[in-house]
Amino acid sequence: MGHVLSLDAATATLETAGGKGAALSELARAGLPVPGGFHVTTAAYREFVTSTGVADRIRAELTAASGPDSTPDTGADAGARIRALFEEGPLPSALEQAISKAYAELGDGARTVAVRSSATAEDLPDLSFAGQQDTYLNITGQSALLEAVRRCWASLWTDRALAYRARAGIAHEDVSLAVVVQELVAADAAGVMFTVDPLGGRADRLVVNAAWGAG
């Protein structure tokens, strides 16, 4: 698997593009008006954490946080230290070039984009993970894009994401993160529609939560 996939790639699955990315890919292939963009795949995330040694340091932090002397504060501190790791170490040159090339192909190399986290443990039949990882809007330029991708990767290790996985019984080492980069729409209004009532679970009720502007 490569570092980057086109938004409508048939190979953009839960394993390669995360839950959000896989769903957007399916919508794009169906011909719906999905803003143009691309996926930075889970392989890119894994290459970064492996090549920089971040993966080993994550394992060490998680081991220490789950030890007999750990406390809730220990776990929060571990999450903060893990997130800081993503600011260190250079991106592998092939990865940086692939992301930069895909961004340039969106237009003039200065398109304003949304940079959206898409985890492999996301939008599952019994777990949503909605809001557990981060999204960044109004990103313009190659340098800002590469920084936003790092920040999305780091958000796999927010305190809320760590706690959600722990409650759901999902092993931290089993998850990975892709990033969806899409042209930003100048929206009059934006929001989300739930096809099942998220409060009562009724399948005969749609719930729309929206706001004026970018949402």
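Residues numbered from 1 in each chain as written. Predicted model: local features only at pLDDT ≥ 70, side-chain atom pairs only at ≥ 80, totals over all residues. Heavy atoms only, no water.

Within the protein one finds seven helices and seven strands. Secondary structure elements of the protein occur, N-terminal to C-terminal, as β-α-β-α-α-α-α-β-β-α-α-β-β-β. For the protein, the residues scored as buried account for 41% of the 215 residues in total. Put simply, 71% of the contacts in the protein that link residues at least 6 apart link residues at least 24 apart. Total accessible area on the protein is roughly 11100 Å²; 54% of this is exposed by carbon and sulfur atoms. (Helix = DSSP H or I, 4+ residues; strand = E, 2+ residues; numbered from the N terminus. Buried < 20%, exposed > 50% of the residue type's maximum accessible area, 1.4 Å probe, protein only. Contact = heavy atoms within 4.5 Å. Areas by Shrake-Rupley, 256 points an atom, 1.4 Å probe, with all protein chains shown as cover.)

Considering all chains together, one arrives at nine salt bridges under this definition. The salt bridge involving Glu-88 is made with Arg-57; its shortest N-O contact spans 3.0 Å. In this pair, Glu-88 sits in the loop between helix H4 (72–85) and helix H5 (93–104) while Arg-57 sits in helix H3 (residues 54–65), placing the two residues 31 residues apart along the sequence. Among the ionic pairs, Arg-202 bridges to Asp-204, the shortest N-O distance being 3.0 Å. A relative accessible area of 39% means that Arg-202 is categorised as partly exposed. The class of Asp-204 is exposed, set by a relative accessible area of 61%. (Salt bridge = Lys/Arg side-chain N within 4 Å of Asp/Glu carboxyl O.)

Time to look at the layout of surface pockets. Taken as a whole, the second largest pocket encloses approximately 310 Å³ of empty space. Lining the second largest pocket are 16 residues, with Ala-55, Arg-59, His-172, Glu-173 and Val-175 sitting closest to its centre. Listed by contribution, the elements that provide at least two residues to the lining of the second largest pocket are helix H2 (42–51) and H3. The leading source of residues in the lining of the second largest pocket is H3, at five residues. (1 Å grid on protein atoms, 1.4 Å probe; cavity = no way out; pocket = protein on both sides within 12 Å on 5 of 7 lines; lining within 4 Å. Points joined across faces, edges and corners; volume = space filled by probe spheres on them.)

Before going further, it helps to examine a nonpolar patch on the surface. Residues Met-193, Leu-206 and Val-208 make up a contiguous nonpolar surface patch of about 320 Å² in total accessible area. Mapped onto the fold, Leu-206 is located in the loop between strand S6 (189–194) and strand S7 (207–212). (Patch = residues over 30% accessible without salt bridge, like charges linked within 9 Å, V, L, I, M, F, W, Y side chains within 5 Å.)

Turning our eyes to something else, we now look at the packing of H2 against H3. Put simply, H2 and H3 touch, their axes get as near as 5 Å, and they point 80° apart. Relative to H3, the element H2 lies roughly perpendicular. Counted together, Tyr-45, Phe-48, Val-49 and Thr-50 of H2 and Val-54, Ala-55 and Ile-58 of H3 form the full contact between these two elements. The residue makeup of the contact of H2 with H3, split by class, is six nonpolar, one polar and no charged. (Axes fitted to C-alpha atoms, helices over the stretch in contact; angles between N-to-C directions. Parallel < 35°, antiparallel > 145°, perpendicular 65-115°, else oblique. Nonpolar A, V, L, I, M, F, W, Y, C, P; charged D, E, K, R; others polar.)

A word on the packing of aromatic side chains. One pass over the structure, following the stated rule, counts four aromatic pairs. Between Phe-48 and Phe-86 the ring centres are 6.0 Å apart and the planes differ by 25°, which places this aromatic pair in the stacked class. Taken together, the positions of Phe-48 in helix H2 and Phe-86 in the loop between H4 and H5 put the pair 38 residues apart, joining distant regions of the chain. By the burial criterion, Phe-48 is buried, and Phe-86 matches it. Connected via pairs of aromatic rings, a cluster forms that spans Tyr-45, Phe-48, Phe-86 and Trp-153. When the ring centre of Trp-157 is taken as reference, the NZ or CZ atom of Arg-165 above it lies at 5.0 Å. (Phe/Tyr/Trp six-rings, centres within 6.5 Å; stacked < 30°, edge-to-face > 60°. Lys NZ or Arg CZ within 6 Å of the ring centre and 35° of its normal.)

Mapped onto the elements, Arg-151 comes out in helix H6 (residues 142–154). Sequence spacing of Arg-151 and Ser-117 is 34 residues, and the spatial spacing of their C-alpha atoms is 9.2 Å.

Further remarks concern the sheet that holds strand S2 (residues 37–40). The antiparallel open sheet is built from five strands, whose spatial order is S1-S2-S5-S3-S4. Two strands in the sheet have a free side with no partner beyond their single neighbour: strand S1 (4–6) and strand S4 (135–140). Between one strand axis and the next, the sheet turns by 25° as a mean value, whatever way the strands run. Relative to S2, S1 runs antiparallel, the two being bridged by three bridges. Across the sheet, Ser-6 pairs through a bridge with Phe-38, a residue of S2. Together, S1, S2, strand S3 (112–119) and strand S5 (177–183) form the strand contacts of helix H1 (residues 14–29), whose direction differs from that of S3 by roughly 125°. (Pairing = 2+ DSSP bridges.)

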